[in-house]
Amino acid sequence: MTLSRRALLKIAASAILAAMPGVASTDAAEHGLEYGPSEAFSFDRLTDMARELSLAPHRAAAGPAPSVLDRIGYSEHVEVYQRADSGLYPDPSGNGAITFFHLGNFFRRPVRVFRIDGDTAREVLYRKRYFTIPEGNPAREMPEDAGFAGFRIHGKNASISPDGRSRDWAAFLGASYFRSSGDLDQYGISARGIAIDTAAHDRPEEFPDFRAFWVQPLRLGYRVYALLDGPSLTGAYRFDIFREPSVVMEVEAKLFMRKDVRTLGMAPLTSMYWYSETERWDGKDWRPEVHDSDGLLMHTGTGQWIWRPLSNPRRVSESSFMDNNPRGFGLMQRDRHHGNYIDPVRFERRPSLWVEPIGSWGKGCIRLVELPTVKESEDNIVAFFVPEKLPKQGTPLSFKYRLHWTGDDPLPDFIVATHAIRMTKPWDSALGVTTRKVFVEFRSESFKNVPTEDLKGLASASRGTIDGVDVVRDPDGDPTHIRLFFNLNSTDEEASDVTATVSLNGRQVTETVICQVWPRERASRANSRFALLGKWRTCPAAIVGDRNAS
């Protein structure tokens, strides 16, 4: 009997997700690696595989040797590494090698990794001998067919330490997470393939997995293909990853829905914000600031630039910024001064991550989810784009975008960026009325020769009232530094979305700032970022771009 192409693809898709026994047929080892048999591969074939897989029930991957994985904690996991000179593609065209992450307690689900040669691919077979594993480390007890947790890309001509390690600049590890150290060579923010039901109040968030990868070198980087699999969808991804002159990933995604979802987040970004100078009086730690990102920057379809500084809210908070064909958005790390962190982990070098949509994404919203946290080890910030019409079960969804992992800000020179936002403690100014003074600071050479009286500040609030709006020069005499300040008066306990800008002779010269201000001192936050789920909020100021354009 002759099998149809559909049947062959279904078999291929099932094989990708099967439990991972040792493959008997191998080609000759190259650079110490062992490979499975050669098989045809293309992005069209991967797309067909994802489509066929979506027609079958989801089957979660199980990690091998659970009792061993339980004992490979954080300390044990970082001890296990693969030398770059024994990895995949050792320094082809100067790109640097690809090495593999070992499985552990926090990364239990194995992935398969294939090497591409032309229009064929061969699986790289897991072997313990690839890794340096210290005596006494439980990773030595893993079976020979365990599989990898993920992989990383090392810098070209990177220096190798005495223990055989070299610096890497991109990594795929855990669920659909991936990240880069960016232009400033310091890891921080992460990206994901897709976000499903993030912070939904009536269901747990879903984390689909990249279950298999296919990799090949390019002239200045790598091309990575990935198969996504989760309870609600499957997907085929292509990443073109370049490091010169800056770190850019061009992403193409083709998704196939297994079932309907409440929220689907395209190009999701995940970061950490504990505290900054905004409410420094609310001391949490000996360091002045602790964050991987300090704000959400948006370039709307109407051309407006909006800055939303991040906050550590009392309870889970969601803000949705309605837009049509957004030109870009990203979680940015603007504060690059080491003295504002005084921490050897180098928060000032953490990359900003800017999403540049390719083609028309249509109507939808950029959604920001902020979770309460009491420590820096939790990623508590998520941002993504939600299309107005969510794809239904059986409906495909395709989109493209670029990710820029950078130390620069995409804001154009003719728009002045926010330098800092500071708030005083709230005080009772009248019976039942709480007042907070807000300072929004801007710095630009364009302010140097401008008379102060030509600058006008504008501020409004979704809750409460605004008064005392004024623009003043820096008291230390810096002519490039101006401060917009005002009072927020409130009679309730809920946060207010405050919008602020500065204009010069009637023309807006700063980005539009939309910050969340709590009228009273914050209550003690829960010890878990998943606790105290709050009300869903759609920021009224989010439509300011459309209102200004009309």
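Computed from a predicted model, the values in this text were never measured in an experiment.

## With respect to the overall build of the chain
A tally of regular secondary structure across the chain gives 5 helices and 38 strands. Put simply, the chain has 550 residues, and 55% of those count as buried. Looking at the chain as shown, the accessible area adds up to about 22800 Å², and 51% of this sits on carbon and sulfur atoms.

## Comments concerning helix H2 (residues 43–54)
When the terminal C-alpha atoms of H2 are compared, their 17 Å separation across 12 residues agrees well with the 16 Å that a helix rising 1.5 Å per residue should span. In terms of burial, H2 is a largely internal element, 9 of the 12 residues being buried. Restricting attention to buried positions, one finds in H2 the residues Phe43, Leu46, Thr47, Asp48, Met49, Ala50, Glu52, Leu53 and Ser54.

## A closer look at the pattern of salt bridges
Inspection of every chain in the model, using the stated rule, returns 39 salt bridges. With a shortest N-O distance of 3.1 Å, glutamate 250 and arginine 402 are connected by a salt bridge. Taken as a pair, glutamate 250 in strand E17 (residues 247–257) and arginine 402 in strand E28 (residues 396–406) lie far apart in primary sequence, 152 residues in all. We note a salt bridge from glutamate 376 to arginine 287, for which the minimum N-O separation is 2.4 Å. Remark: arginine 287 occurs in the loop between strand E19 (273–275) and strand E20 (290–291) and glutamate 376 occurs in the loop between strand E26 (363–370) and strand E27 (381–387); sequence separation between them is 89 residues. Classification of arginine 287 as buried rests on a relative accessible area of 5%. Residues joined by salt bridges that share partners form a network here, namely Asp197, Asp202, Arg203 and Arg262.

## Looking at unusual backbone geometry
One non-glycine residue, arginine 346, lies in the positive phi region at around 60 degrees. Position of arginine 346 among the secondary structure elements: in the loop between strand E24 (328–332) and strand E25 (352–358). Although it is not a glycine, asparagine 505 adopts a positive phi angle of roughly 55 degrees. By relative accessible area, asparagine 505 is classed as exposed at 61%.

## What about the side chain of threonine 99?
Mapped onto the secondary structure, threonine 99 falls in strand E5 (residues 98–101). Residue threonine 99 is classed as buried on the basis of its relative accessible area of 0%. Among the polar contacts made by the side chain of threonine 99, one reaches the side chain of histidine 154 at a distance of 2.7 Å. Beyond its immediate sequence surroundings of up to four residues, threonine 99 is in contact with Gln82, Arg83, Ala84, Gly87, Gly150, Phe151, Arg152 and His154.

## Some details on the packing of aromatic side chains
Counted according to the given criterion, the structure contains 28 aromatic pairs. Centroid distance phenylalanine 151 to phenylalanine 213: 5.1 Å. Interplanar angle 80 degrees. Geometry classified as edge-to-face. Linking phenylalanine 151 in strand E9 (residues 150–154) with phenylalanine 213 in strand E14 (residues 209–217), this pair joins segments that are 62 residues apart in sequence. We classify phenylalanine 213 as buried; its relative accessible area is 3%.

## A short note on the environment of proline 231
Locating proline 231 in the fold gives a position in the loop between strand E15 (221–229) and strand E16 (233–242). Each C-alpha atom of the pair proline 231 and phenylalanine 207 lies 8.8 Å from the other, and the pair is 24 residues apart in sequence. In this structure, proline 231 is in contact with His58, Glu206, Arg258 and Lys259, ignoring residues within four places of it in sequence.

## Looking at the pairing of E25
In terms of burial, E25 is largely enclosed, as 5 of its 7 residues are buried. Bridging between E24 and E25 involves 3 bridges; their strand directions are antiparallel. Directly across from leucine 331, in E25, lies its bridge partner leucine 353. For E25 and E28, the ladder comprises 7 bridges, and the chain directions are antiparallel. Residue serine 352 lies in a different strand from E28, and its bridge partner there is threonine 406.

## Some points on the pairing of E17
Of all 11 residues making up E17, 9 are buried, and the element is well covered by its neighbours. As paired elements, E16 and E17 share 10 bridges and run antiparallel to each other. Paired with threonine 234 across the two strands is phenylalanine 256, which belongs to E17. Counting the residues that bridge the hairpin from E16 to E17 gives 4 residues. By the bridge criterion, 10 bridges tie E17 to E28 in an arrangement that is antiparallel. By the bridge assignment for E28, methionine 249 is matched with leucine 403.

## Overview of the confidence of the model for the chain
Confidence in the prediction of the chain, expressed as mean pLDDT, is 86, and 86% of residues score 70 or more. Below pLDDT 50 for its whole length, residues 18–29 participates in 23 contacts with residues either more than four positions away or in separate chains. Note on residues 523–550: pLDDT under 50 across the span, and 69 contacts to partners over four residues away in sequence or across chains.

## Focus on the side chain of serine 276
Tracing the backbone shows serine 276 in the loop between E19 and E20. Residue class for serine 276 comes out buried when judged on its relative accessible area of 5%. A polar contact of 2.8 Å, which involves the side chain of serine 276, links it to the side chain of tyrosine 273. When sequence neighbours within four positions are dropped, the list of residues in contact with serine 276 reads Pro288, Glu289 and His291.

## Brief notes about the nonpolar core
By size, the foremost hydrophobic cluster in this structure holds 81 residues, and its most contacted members are Tyr237, Phe239 and Leu403. Among the elements that line this core, the one with the most residues is E17, at 6 residues. In contact with phenylalanine 239, other than residues within four places in its own chain, are Phe172, Phe178, Phe210, Tyr222, Arg223, Val224, Ala226, Glu250 and Val251.

## Comments concerning the environment of proline 387
Within the secondary structure layout, proline 387 lies in strand E27. Residue class for proline 387 comes out buried when judged on its relative accessible area of 11%. Proline 387 sits 23 residues away from glycine 364 along the chain, and the two C-alpha atoms are 4.3 Å apart. Once residues lying within four places of it in the same chain are set aside, the contact partners of proline 387 are Leu264, Met266, Lys363 and Gly364.

## Comments concerning the environment of leucine 55
Tracing the sequence through the fold places leucine 55 in the loop between H2 and helix H3 (66–69). Sequence spacing of leucine 55 and threonine 234 is 179 residues, and the spatial spacing of their C-alpha atoms is 9.5 Å.

Each value, and the rule that gives it
- Residues take numbers from 1 onward in each chain, read along the sequence in its written order.
- Residue-level local features of this predicted model are given only where pLDDT is at least 70; pairs of side-chain atoms are given and counted only at 80 or more, and the full residue set underlies all totals for whole chains, interfaces and linings.
- Side-chain measures here rest on the full set of heavy atoms in the structure, leaving out hydrogens and waters.
- Numbering of helices and strands runs from the N terminus; a helix is a DSSP stretch of H or I covering at least four residues, while a strand is a stretch of E covering at least two.
- Type-normalised accessible area, obtained with a 1.4 Å probe on protein chains alone, sets the label of each residue: buried when under 20%, exposed when over 50%, and partly exposed for intermediate values.
- Calculation of accessible area relied on Shrake-Rupley with a 1.4 Å probe; when residues are assessed, cover is drawn exclusively from the protein chains displayed.
- By definition here, a helix of n residues has an expected span of 1.5 Å times n minus one.
- Salt bridge criterion: a side-chain nitrogen from Lys or Arg within 4 Å of a carboxyl oxygen from Asp or Glu.
- Distance and chemistry together define a polar contact, namely a pair of N or O atoms within 3.5 Å, with one atom able to donate a hydrogen and the other to accept it when in protein, and with adjacent residues in sequence counting only for side-chain atoms on both sides.
- In what follows, residue pairs with any heavy atoms lying within 4.5 Å of each other are defined as contacts.
- Each Phe, Tyr or Trp ring, with Trp reduced to its six-membered ring, pairs with another whose centre is within 6.5 Å; inter-plane angles below 30 degrees give stacked pairs, above 60 give edge-to-face pairs, and intermediate values give tilted ones.
- Following DSSP output, two strands are said to pair if at least two bridges run between them.
- Per-residue confidence from the prediction method is given by pLDDT, with values spanning 0 to 100.
- The definition of a nonpolar core used throughout is a set of buried Ala, Val, Leu, Ile, Met, Phe, Trp, Tyr and Cys residues joined through side-chain atoms within 4.5 Å.

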